[in-house]
Structures are given as structure tokens and as C-alpha cells.
Amino acid sequence: MALGSERLHVVGIGGTLRASSTSAWALERALNAAGRAGATTDLLTVNEFRLPIYEPGKALDEYEPIVGEFISRVRRADAMIWSTAAYQGTLAGVTKNAIDFFQFLSDSEPPYLQNRVVGLAATAGGDIAAVNAINAMLHSVTSLRGTPAPLFVAIPQAHNVFDKRGNILDKKWADRLDQLGWLVVDHASRFHPARIELALGA
Ligand SMILES: Cc1cc2nc3c(=O)[nH]c(=O)nc-3n(C[C@H](O)[C@H](O)[C@H](O)COP(=O)(O)O)c2cc1C
């Protein structure tokens, strides 16, 4: 974890391998709000990293270098935002695979995601699966000893919410994603009070 006078740092992971990914756009929106709240931010999309499949027992340096870069950037997180697409009724495998690599945070100090707040968002084509995806990610947050942010943004029928360039057409969802970014910083600041002067409001 970053120390001393450095600002609170929020790392976003998510999106899909789709070039125009609604879950990546949702992530970017929430992360920008975290930045406006006073944090430094880092956006890690699965499309950029193209991680291989996690293999138990394989050392970090046995993977291609992009995996080491992914983990070192995740290690810098004081807080995180995860955003997934819903596939087959739950979180997309590509997101879960990225989370599986967090096994390498077992030797972080403190371990895994302890003392880190994690905000959760998901997009889906239908009405239900984004909620399932959030609930599935919630299990991962707590199993990694993280602290879930007290707002979930599950966006149904995402094709009606974003235009083709990633602009949000529905103010309700824009506001919720902004609020998520702000809340992540607000709650993370309780773990790291010396690291942030919180900007007011979402
Ligand atoms: C393989 C696959 C499975 C999907 N399964 C579901 C599903 O079970 N329920 C649902 O509501 N949408 C489902 N969708 C639609 C996606 O959740 C939706 O298009 C989402 O916005 C995609 O996110 P992205 O734009 O970040 O790729 C599926 C899409 C794909 C490609």
C-alpha cells in the first residue's frame, strides 16, 4: 500500500474484451468521480491486460510480464472499483479470472484487500443478471477481506443506457456511478484519514 503523504489511490478493474464495453464505460465514470473526490486513480481494463488464465501453484514471475504489471498496479490500491458485464446470469469469466490473480496479494501488508474499500458495478442486457453479478463479486470482496462500498450499481439493459461512444443517456445511472466513486473515496478515507481531503458531494 502507498504510504505517507501520497494521496489516496483508487484502482478500477473491469470491462470485457468487447471494444465498446459498457462495463468499462461504467467503470471509467465511477473512477472519474473518485478522482473528483480527491483520489488518484488507475484504470485497468481486462481488454488492455488480456490476462492469461490463472494457474494455481504457478509463480508470478512464471507468467508473462503483463501479469506482474497488473498485480503491482493492484497492490498500489487503497481502494478499488470493480465493474463487470453479466454473462450467463453472473459475472463474466474474464472478470473473475482477473480477481483470481488477487491470490498474489496474500503477501501484501495487510494481506489481500484488507482495509481496502471495493465499489461494485455491473452491466447486463436483461433485467436480473447485473444484480447476480454484483452479488457474486460481493462474495469475492469479502473472501479477500475487503470492505464493500455501501452502494451497488447494477445497470439493466445497458444497451439503452449508453450511446455508441460511451456517453450515458440516463441521468439516473450517471448519478449513481458518480455517487459510487465518491462513496468509495469517502469510505476509504476512514481507513486512511491522513491521505485525503475529501471533496464535498458526488
Ligand atoms: C456470452 C454472453 C452472455 C451473456 N449473458 C447474459 C445474461 O445471462 N443476462 C443478461 O442480462 N445479459 C447477458 N449478456 C449481455 C451482457 O451482459 C450485456 O451486453 C453487457 O452490457 C455486456 O457488457 P460489455 O458491454 O461490457 O461487454 C450476455 C452477453 C454475452 C456476450
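Predicted model, so just to flag it, every value in this text is computed and none were measured. (Residues numbered from 1 in each chain as written. Predicted model: local features only at pLDDT ≥ 70, side-chain atom pairs only at ≥ 80, totals over all residues.)

## Things to note about the overall build of the protein chain
From N to C terminus, the protein chain includes 6 helices and 6 strands. Along the protein chain, from the amino end to the carboxyl end, the secondary structure elements read β-α-β-α-α-β-β-α-β-α-β-α. A globule of 202 residues ought to have a C-alpha radius of gyration of about 17 Å, and the protein chain, at 16 Å, matches this closely. The principal-axis extents of the C-alpha atoms in the protein chain amount to approximately 40 × 40 × 25 Å. In the protein chain, the share of contacts with a sequence separation of at least 24, taken over all contacts with a separation of at least 6, comes to 77%. (Helix = DSSP H or I, 4+ residues; strand = E, 2+ residues; numbered from the N terminus. Rg over C-alpha atoms; globule rule 2.2 N^0.38 Å. Contact = placed C-beta atoms within 7 Å.)

## Quick notes on the pairing of strand E6 (residues 147-155)
Examined bridge by bridge, strand E5 (residues 117-123) and E6 share 6 bridges and lie parallel to one another. Each bridged residue has a counterpart across the sheet, and for alanine 122 the counterpart in E6 is alanine 154. Handedness of the crossover is the feature at issue here: the chain leaves E5, passes through helix H5 (residues 129-143), returns alongside E6, and the resulting connection is right-handed. (Pairing = 2+ DSSP bridges. Right-handed = clockwise from strand over helix to strand, strands pointing away.)

## Details of the pairing of strand E1 (residues 9-14)
Walk down a regular strand and you will see the side chains alternate between the two sheet faces. When you tally the buried positions in E1, you get 6 out of 6 residues, the bulk of the element. With 6 bridges connecting them, E1 and strand E2 (residues 40-45) associate as parallel partners. Paired with isoleucine 13 across the bridge in E2 is leucine 44. For the handedness criterion, the β-α-β arrangement of E1, helix H1 (residues 22-36) and E2 is classed as right-handed. (Buried ≥ 20, exposed ≤ 12 C-beta atoms within 10 Å, placed from the backbone.)

## A few points about the packing of H1 against helix H6 (residues 171-191)
When two helices pack together, you describe them by how their axes are tilted relative to each other and by the distance separating the axes. Taken N-terminus to C-terminus, the directions of H1 and H6 make an angle of 50°; their axes are 7 Å apart at the nearest point. Our classification of the angle between H1 and H6 gives oblique. Between H1 and H6 lies a crossing whose hand is right-handed. Along its contact with H1, which presents Ala26, Arg29, Ala30, Leu31, Asn32, Ala33 and Ala34, the element H6 presents Ala174, Leu177, Asp178, Leu180, Gly181, Trp182, Val184 and Val185. Classifying every residue of the contact of H1 with H6 gives 11 nonpolar, 2 polar and 2 charged. (Axes fitted to C-alpha atoms, helices over the stretch in contact; angles between N-to-C directions. Parallel < 35°, antiparallel > 145°, perpendicular 65-115°, else oblique. Left-handed = near helix turned anticlockwise from the far one by under 90°. Nonpolar A, V, L, I, M, F, W, Y, C, P; charged D, E, K, R; others polar.)

## Considering the environment of tryptophan 173
Tracing the chain through its elements places tryptophan 173 in helix H6. Judged by local crowding, tryptophan 173 falls into the buried class, with 21 C-beta atoms found within 10 Å. For tryptophan 173, the residues in contact, after removing those within four places along its chain, are Ile155, Val161 and Ile168.

## Points about the site of the ligand
By nearness alone, 18 residues border the ligand, and Ser23, Ala85, Gly125, Gly126 and Ala129 come closest of all. Those elements that place two or more of their residues in the shell around the ligand are H1 and strand E3 (79-87). Residue composition of the shell around the ligand, grouped by class: 7 nonpolar, 10 polar and 1 charged. (Near = placed C-beta within 6 Å.)

## Here's the deal with the environment of glycine 146
With respect to the element layout, glycine 146 can be found in the loop between H5 and E6. Assessed through the 22 C-beta atoms surrounding it within 10 Å, glycine 146 is described here as buried. Along the backbone, glycine 146 and tyrosine 112 are 34 residues apart, and their C-alpha atoms lie at a distance of 7.6 Å. Setting aside residues no more than four positions away along its own chain, glycine 146 makes contact with Leu113, Arg116, Val118 and Val141.

## Points about the nonpolar core
Membership of the largest hydrophobic core comes to 62 residues, with the highest contact counts inside it found for Val10, Ala30, Ala34, Ile81, Ala121, Val184 and Val185. Beyond its immediate sequence surroundings of up to four residues, valine 10 is in contact with Leu31, Ala34, Ala39, Thr41, Ala77, Ala79, Met80, Ile81, Val184 and Val185. (Core = buried A, V, L, I, M, F, W, Y, C linked by C-beta atoms within 7 Å.)

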